[in-house]
Amino acid sequence: LQNLDAYNYWVDNLTVGDQKDTLTVKYYHFNHTHFPVDFDSTGIIKSNDLNWFNNNQNYNGLYNQTYYALTQFVSLINKLKELNVFNKTFIVFKSDHGENSYYFNNYPEKSKINGNHNYGYSRYRPTLLIKDFYSENNSMTTITDLVSLSDLANTINIKFKPYYNHENTFSGIN
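None of the values given here were measured: they were computed from a predicted structure. (Residues numbered from 1 in each chain as written. Predicted model: local features only at pLDDT ≥ 70, side-chain atom pairs only at ≥ 80, totals over all residues. Heavy atoms only, no water.)

**Q** I tried to follow the nonpolar core on my own but got confused; where do I start?
**A** Soluble globular proteins tend to bury their nonpolar side chains together. In terms of nonpolar packing, the biggest core is built from 12 residues, these being Tyr7, Trp10, Val11, Leu14, Phe73, Leu76, Ile77, Leu80, Leu83, Val85, Phe86 and Ile91. Contributing elements (two or more residues each) for this core: helix H1 (4-12) and helix H3 (59-82). Looking at which element gives the most residues to this core, the answer is H3, with 4 residues. Judged by nonpolar contacts, the second largest core, of 5 residues, contains Val37, Leu62, Tyr103 and Phe104. (Core = buried A, V, L, I, M, F, W, Y, C linked by side-chain atoms within 4.5 Å. Buried < 20%, exposed > 50% of the residue type's maximum accessible area, 1.4 Å probe, protein only. Helix = DSSP H or I, 4+ residues; strand = E, 2+ residues; numbered from the N terminus.)

Right under this line is the structure:
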């Protein structure tokens, strides 16, 4: 998605069909959450104000932009609940990478690789959250295994095997 409004429009107009035992997959890549920081915690694009822009290319600006992105995700969760399909939904919330080291003030997030502020420690610590079908946890469960985004293929393969019944061809942690 290239902008804030496209996602909000999709969520607002989301409907559910006949709810037969069918598999539907939706994948969205949010370009609007990539650097530089362009909008505030309420989703208002403010990067056209040079003073605001310069004062928000830091941890606080990143936090506020991320806060709004997460409120967008919460709107999807609320819509799925409104449509009575939240429990029937398997959700993967992931980022393709973390942010640049110059947004951070503390170790280890501010650490740089070979002195390059674009490729620091936090850039290689993406977010990965999974909500299973019919899960009713009110808190997150954290696994301490060292995993990478490539392990996600195995998890998805195992979870959706009933829909296409084939052998597991992916390795990795589930």
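**Q** Help me understand the pattern of salt bridges in this model?
**A** A pair can form between side chains of opposite charge whenever their charged atoms are brought close. Tallied over the full model, the rule gives 3 salt bridges. Note that Lys79 is salt-bridged to Glu82, the shortest N-O span being 3.6 Å. Of this pair, Lys79 and Glu82 both sit in helix H3, 3 residues apart, roughly one helical turn. Exposure remark for Glu82: the relative accessible area of 56% places this residue in the exposed category. Across the pair Asp132 and Lys159 runs a salt bridge, and its minimum N-O distance is 3.0 Å. (Salt bridge = Lys/Arg side-chain N within 4 Å of Asp/Glu carboxyl O.)

**Q** Which parts of the structure should I look at to understand unusual backbone geometry?
**A** Residues other than glycine predominantly adopt negative phi, and peptide bonds predominantly adopt the trans conformation. Of note, the amide linkage connecting Phe35 to Pro36 takes the cis form, showing an omega dihedral of 0°. Look at the link from Tyr107 to Pro108: it is a cis peptide, with omega at 5°. On the secondary structure map, Pro108 appears in the loop between strand S1 (91-94) and strand S2 (112-113). The phi angle at Tyr134 is positive, at roughly 55°, despite the residue not being glycine. With respect to the helices and strands, Tyr134 occurs in the loop between strand S4 (128-131) and helix H4 (152-164).

**Q** Where do I start with the packing of aromatic side chains in this structure?
**A** Aromatic rings in a pair are described by how distant their centres are and how their planes are angled relative to each other. What the rule picks out here adds up to 9 aromatic pairs. Aromatic rings pair up to connect Tyr59, Tyr63 and Phe104 into one cluster. Just above the ring of Phe86 sits the side chain of Lys81; from NZ or CZ to the centre is 5.0 Å. If you follow Lys131 out to its NZ or CZ, it ends over the ring of Phe86, 4.6 Å from the centre. (Phe/Tyr/Trp six-rings, centres within 6.5 Å; stacked < 30°, edge-to-face > 60°. Lys NZ or Arg CZ within 6 Å of the ring centre and 35° of its normal.)

**Q** How do you make sense of the side chain of Lys79 when you look at a structure like this?
**A** What makes Lys79 buried here is its relative accessible area of 13%. Within polar-contact distance, the side chain of Lys79 engages the backbone oxygen of Asp12 at 3.3 Å. Contacts of Lys79, omitting those with residues within four sequence positions, involve Val11, Asp12 and Leu14. (Polar contact = N/O pair within 3.5 Å; in protein donor to acceptor, adjacent residues only side chain to side chain. Contact = heavy atoms within 4.5 Å.)

**Q** Even after reading the chapter, I still don't get the packing of H1 against H3, so can you show me in this structure?
**A** When two helices pack together, their arrangement is given by the angle between the helix axes and the distance between those axes. Orientation of H1 relative to H3, taken along the N-to-C sense of each, is 15°, at an axis distance of 9 Å. In terms of orientation, H1 lies roughly parallel with respect to H3. Of the two elements, H1 crosses H3, and the hand of that crossing is left-handed. Along its contact with H1, which presents Leu4, Tyr7, Asn8, Trp10, Val11 and Asp12, the element H3 presents Tyr68, Gln72, Phe73, Ser75, Leu76 and Lys79. Looking at the contact of H1 with H3 residue by residue, the classes come out as 7 nonpolar, 3 polar and 2 charged. (Axes fitted to C-alpha atoms, helices over the stretch in contact; angles between N-to-C directions. Parallel < 35°, antiparallel > 145°, perpendicular 65-115°, else oblique. Left-handed = near helix turned anticlockwise from the far one by under 90°. Nonpolar A, V, L, I, M, F, W, Y, C, P; charged D, E, K, R; others polar.)

**Q** How do you make sense of the environment of Ile173 when you look at a structure like this?
**A** Positionally, Ile173 belongs in the segment after H4. Look at Ile173 and you get partly exposed, because its relative accessible area is 29%. With 19 residues separating them in the primary sequence, Ile173 and Asn154 have C-alpha atoms 6.9 Å apart. Setting aside residues no more than four positions away along its own chain, Ile173 makes contact with Asp145, Leu146, Val147, Asp151, Asn154 and Thr155.

**Q** How should I be thinking about a nonpolar patch on the surface in this particular structure?
**A** The grouping of Leu128, Ile130, Ile143 and Val147 at the surface amounts to a nonpolar patch, some 300 Å² of accessible area in total. Within the element layout of this structure, Leu128 appears in strand S4. Judged by relative accessible area, Leu128 falls into the partly exposed class, the value being 31%. (Patch = residues over 30% accessible without salt bridge, like charges linked within 9 Å, V, L, I, M, F, W, Y side chains within 5 Å. Areas by Shrake-Rupley, 256 points an atom, 1.4 Å probe, with all protein chains shown as cover.)

Keep in mind these values describe shape, not function.
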